[in-house]
Every structure is written in structure tokens, then in C-alpha cells.
Amino acid sequence: MSRTEVDIQPESEPPPRDDHAFFGQPRGLLTLSGLEVWERFSFLGMQAILVLYFADTVTHGGLGMSAGTAASVSAAYGTLVYLVSVAGGWLADRILGSYRAVLWGGILIACGHYAMAVPSAGMTWVGLGLISAGTGLLKPNVATMVGKLYRTDDDRRDAGFALYYMAINIGAFAGPLITGWLGEHKGWHWGFSAAAIGMTFGLIQYVLGRRHLAGRKHAAEFALAPRAMRRAIRLILAGLAATAALAVLFAAAGWLTMDRFVDLLTVVSVIAPVVYFAVMFSSPRVTSEERGRLRPYVVLFLASTVFNFILFQAYSTMMLLASTNAETSILGFDFPAGWYASALGAFEVALAPVVAALWVRMGRGQPHASNKIAIGVVLGGLSFLLMALPTSGHSSDDYLMSVWWIVGSYLLLGLGDVLLETSGMSATTKLAPAAFAGQTMSLWFLSLALANGIQAQTVKLYDDVSKPAYFGVNGAIAVVAGLAVMAATRWLRRTMHPVH
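These lines cover the structure that appears in this document, whether it is placed above or below. Remember, it's a predicted structure, so these values are computed and weren't measured experimentally. (Residues numbered from 1 in each chain as written. Predicted model: local features only at pLDDT ≥ 70, side-chain atom pairs only at ≥ 80, totals over all residues. Heavy atoms only, no water.)

Viewed as axis vectors pointing N to C, helix 8 (residues 258-282) and helix 9 (residues 288-311) meet at an angle of 165°, and their least axial separation amounts to 10 Å. As judged from the angle between their axes, helix 8 and helix 9 are roughly antiparallel. For the pair helix 8 and helix 9, the sense of crossing is right-handed. Contacts between helix 8 and helix 9 pair P273, F277, M280 and F281 from the former with R291, L294, R295, Y297, V298 and F301 from the latter. For the contact of helix 8 with helix 9, the residue count by class is eight nonpolar, no polar and two charged. (Axes fitted to C-alpha atoms, helices over the stretch in contact; angles between N-to-C directions. Helix = DSSP H or I, 4+ residues; strand = E, 2+ residues; numbered from the N terminus. Parallel < 35°, antiparallel > 145°, perpendicular 65-115°, else oblique. Left-handed = near helix turned anticlockwise from the far one by under 90°. Contact = heavy atoms within 4.5 Å. Nonpolar A, V, L, I, M, F, W, Y, C, P; charged D, E, K, R; others polar.)

Right under this line is the structure:
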């Protein structure tokens, strides 16, 4: 695209260094964290029961899928969510601006959850489509807005992202508690209704706190010129209409089955990041210095993919395992299997402030971002290796393991998530080329799409191989990947400047 087609808006004033209103962090962090509390409440609250809803019998209000198919479709939904984030980053950079992209994304998410509250299989798919589109607009851009609250050399940056991650995991903890109880005791669509109400609360507080957000503009920072913008909007609308028409036609002809759709999303999740990296490396708007920082970013991207391949199974295969082979009682108190997902959020809520305080205390002496990410990947692998122990040595599948095995696995996974995601998102905002700021964060979320795309194929084996082999092999691969990143630390430290 030529320079005449892009209207580059002047940069806003640098964030003030003396804004310490929210636990020593900028006031805008409270607004963005509050939005993510409710977005994660709705998204992960719904996801904690989604695979159980898919696998439940039709007579009990579910869709009657096999365990492997339910996990695969759930992963394919996650793939779609994060694939759409590419479009969300581009729309924010070129048309909407970050604030409006997040606002409209939240509205679509809320509408999607309200659609899923309707007890109809058709409305379930409509709702999942709306949530996918909305999350693609919201997720990459709200993280970018957090990065805009800080100067590049602000030592509070990693600690701020850790607090942000702690805050959003309050929603990750509370969501499954509410939706899990409603889903099991009142019906799955009651749980989806709670998710809808939560997202509505998030939108309200986001609008009320908008004056504290750094860089909030009505125009996009790298807005298209008016003529190019009109052309882009026409092409987008025509593309959406053509895609919908083709999907209906192929489905009616029997060519577009659920299995083929899942496979298609996996293929796209592999191709998209390859193409996107190629575009960014070859763009004339990316300087040679920025291009040099993109190379180590490829390593971080792959590390994120491996870790999130494990993490996302906390809401698929781990949920299925918990529902069939884990105790759901502590000290005589019975709880829904969906509550296991809250353990992950609880650990992240508890551990994020500890990690944030540790980084602040260590200052410049803290581990390099690449080492934090590598440790996170290793911990994710260990969480799966741990599950190979209680699933071993059983002659049948009717055993029940102790609650503490899954809780221990989620403890390792939660600590790994705090280390990897906070450092990864913070590094992304520093390594991003200026002309691709929102889209580079989208590229980080493409690693999540790729993780889900790989998972959508792998979980098909869940019904066909032994549980110790499934968890053991996947866990071992993650541990090896984390150790490989550690081995590349010297090169990463040299090439990731100014990330430290």
C-alpha cells in the first residue's frame, strides 16, 4: 500500500511518568483490567462448559458429540476466535482505532452470548460466530492499549502487564464457578446467560472509564485515506457476504461438514502466521532495525504456540477427564466438574501479584523475557507429564483420581501462564514495528490460533490412545521446546533490544 493511501495520525503525547493511581500503575490500567475481568468471565465461563455441553446427551440438553469430537470442535472454535484477531488488529490500525474496535468487539461478544442463551442448536452456532468476531476485535487491541499506557523504558511495564493479567484472571476464576453451577443444576443455556450478563457489565465500565485511556482517538493511528477507506469497507462487506453465501451453498450440498470445517481452520491457522510474518518482513514501512527485532519474535511466537497448545486443553481434554475420571467432592462438598477450570484462574490471580512484585523488586536484575517465556513453556509441559501418573496402571476407565492431581496440574499451568503471557504480551508491544502495532499483537494471538488448530487435530486421538500416552507425549514435547528456548537465550538477549 502506498503512503498516499495511509493517513498517519500524529503520535499522542507520551504517557506521564507520575501516574501511579492504580497500585503504582497508570489509572487507565484499571479500566482495561476491569473490561478484561468481565470479558474473561464471559469467555472462559462459557468455555468451561462448552465442551461438556457438546458432549452431553441430547436428552439432557447437550449436542450428543463423542468426547474426541467435542474437544476438536471446541478447539476449532478457539482457532476461529484468534484467526479473526488479525482482522481486528488491521481494522483498529486502519479504520476504527483501538478504542472503537474494543467497544464494537465487546458489543458483538455480548450479542453472541445472548444468542447462546437461547436453547437452540442453531442459535449456538450463531452465538459462537458472533463471539469469534467480537473477540477478534477486542483481544489484540485491548492488550495494545495497555502497552500505550507506558513509555518503552518504563520499568513498571512488565509489572503492569502482570497486574493486568491478575485482574483478568479474576474473571477466569469467577466465570466457571457461576456458569459451571448453572450449567449442571439449571441447564447449559442458563450458564451461557450468565456469560452474557457479565460481558454487558464489562462494556458499561469500559465506556465510563474511557477518559483514562492513553492514545484514545476517534481516528485510527494509521488510518486509510478516505477514498481507500471506502474501498476497503466495500471489499470487506462483499467478502463477508460471499463467504457466507459459499458456506451455505457448500453445506447444503454436503461438501462442508463439521470435520472438514475443523480441518480447514487448522490449515488456515498454519498458513496465516507464515503469510503474516512474510508481509511484515517485506513491508517498506518496517525499518531495518524493526525487522531485526522481528526475528527473535518468531521464536517467542513458536514458544507461545507450544505452551498454549497445553493451556487450552485445560478447557477441553482436562475438562472431559475431570467429568469422567476425577472426584468432584472435597470434605463432603460436591461441586460441578466445570469448577476445576476455576482452579486455574485462582492460581493465576494468586500468583500474578507475587510475580509482579518480584519483577519490581529485582528491577534490571530480573530474568530476560525469553527466559521467563521458556520457564513458562517447561511448566506447561510438566503439568501434562504430571497427569500421566494418576491415569496409569488402571485396567478399566471407571477409576476416579484424587482432586489434587488436577489441582496440582493447574498450579503448574497457572504459574507457567503468568510467566509466559505477561512477558510475551509485554515483549510484543516493545518489538512491534510502528506501522503494525495493533497487527503485531494480532500476530501474538495467531500463535493462540495455531495452538488451537493443532489441538483440534490432536484431541481426536483422545478416545483412541491411552491417557498416560496422550498426556505424557504432549507434555514431553512442551518440556523439550522450553529447554530449546533456554538454549537460545544468548542470541535472543542480543537481538531483542530494548526488551530485557
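So that's the structure; there's more coming.
Take a nonpolar patch on the surface next. A cluster of nonpolar residues, Y114, I197, F201, I204 and L208, forms a patch on the protein surface that exposes about 510 Å² of accessible area. Looking at the nonpolar patch element by element, the count peaks at four residues for helix 6 (residues 188-208). Relative to the helices and strands, L208 resides in helix 6. What makes L208 exposed here is its relative accessible area of 60%. (Patch = residues over 30% accessible without salt bridge, like charges linked within 9 Å, V, L, I, M, F, W, Y side chains within 5 Å. Areas by Shrake-Rupley, 256 points an atom, 1.4 Å probe, with all protein chains shown as cover. Salt bridge = Lys/Arg side-chain N within 4 Å of Asp/Glu carboxyl O. Buried < 20%, exposed > 50% of the residue type's maximum accessible area, 1.4 Å probe, protein only.)

Another aspect to go through is the packing of helix 2 (residues 67-96) against helix 4 (residues 121-147). Where helix 2 meets helix 4, the closest approach of the two axes is 6 Å, and the angle between their N-to-C directions is 45°. Considering the angle they form, helix 2 stands oblique to helix 4. Judged by the twist between their axes, the crossing of helix 2 over helix 4 is right-handed. Counting all contacts with helix 2, which are made through V73, Y77, L80, V81, V84, S85, G88, G89, L91, A92 and L96, the residues of helix 4 involved are W125, L128, I131, S132, A133, T135, G136, L137, P140 and N141. Looking at side-chain class alone, the contact of helix 2 with helix 4 contains 14 nonpolar, seven polar and no charged residues.

It is worth spelling out empty space enclosed by the protein at this point. Under the definition given, this model contains four cavities of 30 Å³ or more. Size it by volume and the largest cavity reaches roughly 280 Å³. Looking at the largest cavity, it is lined by 25 residues, and the ones nearest its centre are R40, Y82, Y165, L311 and D417. Going through the elements one at a time, helix 1 (28-55), helix 4, helix 5 (157-185), helix 9, helix 11 (340-362), helix 13 (403-431) and helix 14 (437-458) are the ones with two or more residues in the lining of the largest cavity. Residues that form the lining of the largest cavity fall into these classes: 15 nonpolar, four polar and six charged. (1 Å grid on protein atoms, 1.4 Å probe; cavity = no way out; pocket = protein on both sides within 12 Å on 5 of 7 lines; lining within 4 Å. Points joined across faces, edges and corners; volume = space filled by probe spheres on them.)

The subject of this paragraph is the environment of L389. The residue L389 is located in the loop between helix 12 (369-387) and helix 13 in this model. Considered as a pair, L389 and G472 are 83 residues apart in the sequence and their alpha carbons are 8.8 Å apart.

A few words now on the side chain of S42. If you trace the backbone, S42 turns up in helix 1. Polar side-chain contacts of S42 include one of 2.8 Å to the backbone oxygen of E39. Discounting residues that sit within four places of it in the chain, S42 has contacts with I109, H113, A195 and M199. (Polar contact = N/O pair within 3.5 Å; in protein donor to acceptor, adjacent residues only side chain to side chain.)

All right, on to the packing of aromatic side chains then. Counted by the stated rule, this structure contains 16 aromatic pairs. Aromatic pair F54 and W125: ring centres 5.7 Å apart, planes at 25°, arrangement stacked. Taken together, the residues F54 in helix 1 and W125 in helix 4 connect sequence positions 71 residues apart. With 5.5 Å between their ring centres and 85° between their planes, Y470 and F471 make a pair best called edge-to-face. For the residue pair Y470 and F471, the accessibility class agrees, reading buried in each case. Chaining the aromatic ring pairs together yields one cluster made of Y53, F54, W125 and F192. Over the ring of Y462 we find K467; its NZ or CZ atom is 4.5 Å from the centre of that ring. (Phe/Tyr/Trp six-rings, centres within 6.5 Å; stacked < 30°, edge-to-face > 60°. Lys NZ or Arg CZ within 6 Å of the ring centre and 35° of its normal.)

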